[in-house]
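# Analysis of the macromolecular model
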Amino acid sequence: MHIDAMDAAALARTEAELERSYAALRAEGLNLDLTRGKPAGDQLALSAALDGALEAGYGAEDGTDTRGYGGADGIAEARRLGAEWLGLAPEEVLAGGNSSLTLMYLFLLGAHRFGLDGQGSAWADDPAGARFLCPVPGYDRHFTICEDLGIGMVSVPMTGEGPDMDRVEALVAGDPGVRGMWCVPRYSNPTGETYSAGTVRRIAGLGRIAAPGFRVMWDNAYAVHHLAGGTPPPENVMARCRAAGTEDSVVQFASTSKVSFAGAGISFFGGSRRNVDWFRSRLSVMTIGPDKVNQLRHMRLLPDMDTVHTHMVRHAELLRPKFDCVRRRLEEGLGNLGMGRWTDPDGGYFVSFWTRPGLAKETVRLAAEAGVRLTPAGAAFPYGDDPEDSHIRLAPSFPPLEEVDRAMEVFVTCVRLAVVRGARRDREG
Ligand SMILES: Cc1ncc(COP(=O)(O)O)c(C=O)c1O
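A brief look at the structure comes next. (Residues numbered from 1 in each chain as written. Predicted model: local features only at pLDDT ≥ 70, side-chain atom pairs only at ≥ 80, totals over all residues. Heavy atoms only, no water.)

Quick look at the sheet that holds strand E7 (residues 250-255) now. Taking strand neighbours across the sheet as the criterion, the 7 strands line up as E2-E8-E7-E6-E5-E3-E4 in an open arrangement whose pairing is mixed. At either margin of the open sheet sits one strand with a lone partner, and together these are strand E2 (93-96) and strand E4 (152-157). Ignoring strand direction, the axes of neighbouring strands in this sheet form an average angle of 20°. Pairing between strand E3 (residues 131-136) and strand E5 (residues 178-183): 3 bridges, direction parallel. (Pairing = 2+ DSSP bridges. Helix = DSSP H or I, 4+ residues; strand = E, 2+ residues; numbered from the N terminus. Axes fitted to C-alpha atoms, helices over the stretch in contact; angles between N-to-C directions.)

As structure tokens, this is what we get:
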């Protein structure tokens, strides 16, 4: 029965039933974890051929011995793959080490501390301050970077086709301290949405209304991570920027972390020649070059985007049953009860769930007491603060299917219990 249709007696009866189910689940002493979006062991095994990929030797296609120093831009074949991945030319791409997040951090550190346009351009030294627009719900580690560097954060709601661009444009045009914005354009973490053509065009136009040195951090972490057939890709942002004359305003990132080995993949940075030159000069202060040996073995496993796409179909086959299970549990346990809403993503690693306002922390607490760890409520918001206390990020990729199923049974029970207890309190008080 829909929660709003329950009278006092129905509420009391339902609460008593739920308390019994919850107590029974607690008594099982479960120890389950739906917190982080990591590939599971069977997914990592899809790339087992990385071991042995170097038996053919350490020479890159141009004869470079990848074991040696140098090659700050990454090997040519990896830059070519990155270019295809990001919709750029190879000379607009740097191939890096195992983490795109590190590249994002280093890019922002350099812009904040040293500036993008030489002496006097450091964001940190500008009296206008430094703020970043943060589409919410978003990726917690993006927000941690801003917090770490002392860059303020301004939340902007997601709409289902990317950030609310009316808000974004008003903030960018009205505040010279807005230095940039986080974007995950495809299968966004955690809402799973893909930016519409209109959103991409408007983002490409921001460089015309922003203060100098504005940069969109275009994080293509899930660009090839479909769960089923795949939705059409977002528009090529660089093509749109070129048309708008703003090619310096967007910098792109991607990695093979959820394609090959999560902790031992390769990463890509992409952007205009100017941005690539600037970032190369920053990176060259801290490294003589990336791990080219790992780049080479990746190129033997994944030489081009056709191979990457075929590989990702095998990932999808392993992930889909887990996402199907989440959807089924939510539909069967909560469908039409008015107790929450959730996403049904076509790709990426997450399902977003919204409780009734004010119940996310309580739901996460109830689940923890029943042995199911969830990402802390609020984690997908700057400073960990969800003003509605409503959003919960579910990450079903890592645990085995049976554990996802049990964890979701507990989750659904906790949502219902939190709602029914809350409704009783409201009516009584
Ligand atoms: C949106 C997003 N960007 C970046 C990363 C991390 O990327 P990497 O492993 O390349 O550092 C993640 C990992 O979950 C992510 O969700």
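Let's pick the thread back up.
In helix packing, the relevant descriptors are the interaxial angle and the interaxial distance, both defined with respect to the helix axes. Running from N to C, helix H1 (residues 8-27) and helix H13 (residues 401-428) point in directions that differ by 145°, and their axes come no closer than 9 Å. Between H1 and H13 lies a crossing whose hand is left-handed. Every residue of H13 that contacts H1 at Ala8, Leu11, Ala12, Thr14, Glu15, Leu18, Glu19, Ser21, Tyr22 and Leu25 is listed here: Arg406, Glu409, Val410, Thr413, Cys414, Arg416, Leu417, Val420, Arg421, Ala423, Arg424 and Arg427. Residues of the contact of H1 with H13, tallied by class, amount to 11 nonpolar, 3 polar and 8 charged. (Left-handed = near helix turned anticlockwise from the far one by under 90°. Contact = heavy atoms within 4.5 Å. Nonpolar A, V, L, I, M, F, W, Y, C, P; charged D, E, K, R; others polar.)

Further remarks concern the packing of aromatic side chains. Think of a pair of aromatic rings as described by two things: how far the centres are apart, and how the planes are tilted against each other in angle. Under the counting rule described, the total for this entry stands at 15 aromatic pairs. Aromatic pair Tyr222 and Phe350: ring centres 6.3 Å apart, planes at 85°, arrangement edge-to-face. Residue Tyr222 is located in the loop between strand E6 (215-219) and helix H8 (237-244), and its partner Phe350 is located in the loop between strand E9 (340-342) and strand E10 (351-355); the two are separated by 128 residues in the primary sequence. Look at Phe350 and you get buried, because its relative accessible area is 3%. Every member of this aromatic cluster is reached through a ring pair, and the members are Phe107, Phe253, Phe269, Trp278 and Phe279. If you follow Lys38 out to its NZ or CZ, it ends over the ring of Phe398, 4.4 Å from the centre. Over the aromatic face of Phe114 sits the side chain of Arg282, whose NZ or CZ is 3.9 Å from the ring centroid. (Phe/Tyr/Trp six-rings, centres within 6.5 Å; stacked < 30°, edge-to-face > 60°. Buried < 20%, exposed > 50% of the residue type's maximum accessible area, 1.4 Å probe, protein only. Lys NZ or Arg CZ within 6 Å of the ring centre and 35° of its normal.)

Turning next to the site of the ligand. Residues in contact with the ligand amount to 13 residues; listed here are only the nearest, Ser100, Asp219, Tyr222, Ser255 and Ser257. In this structure, Ser255 approaches the ligand through a side-chain N or O atom, which is 2.7 Å from an oxygen atom. Look at the ligand: alone it shows 400 Å² of surface, and the protein chains cover 89% of it. Ranked by the residues each element gives to the shell around the ligand, the list is headed by helix H4 (residues 100-113), at 3 residues. Of the residues in the shell around the ligand, the class split is 6 nonpolar, 5 polar and 2 charged. (Near = heavy atom within 4 Å. Polar contact = N/O pair within 3.5 Å; in protein donor to acceptor, adjacent residues only side chain to side chain. Areas by Shrake-Rupley, 256 points an atom, 1.4 Å probe, with all protein chains shown as cover.)

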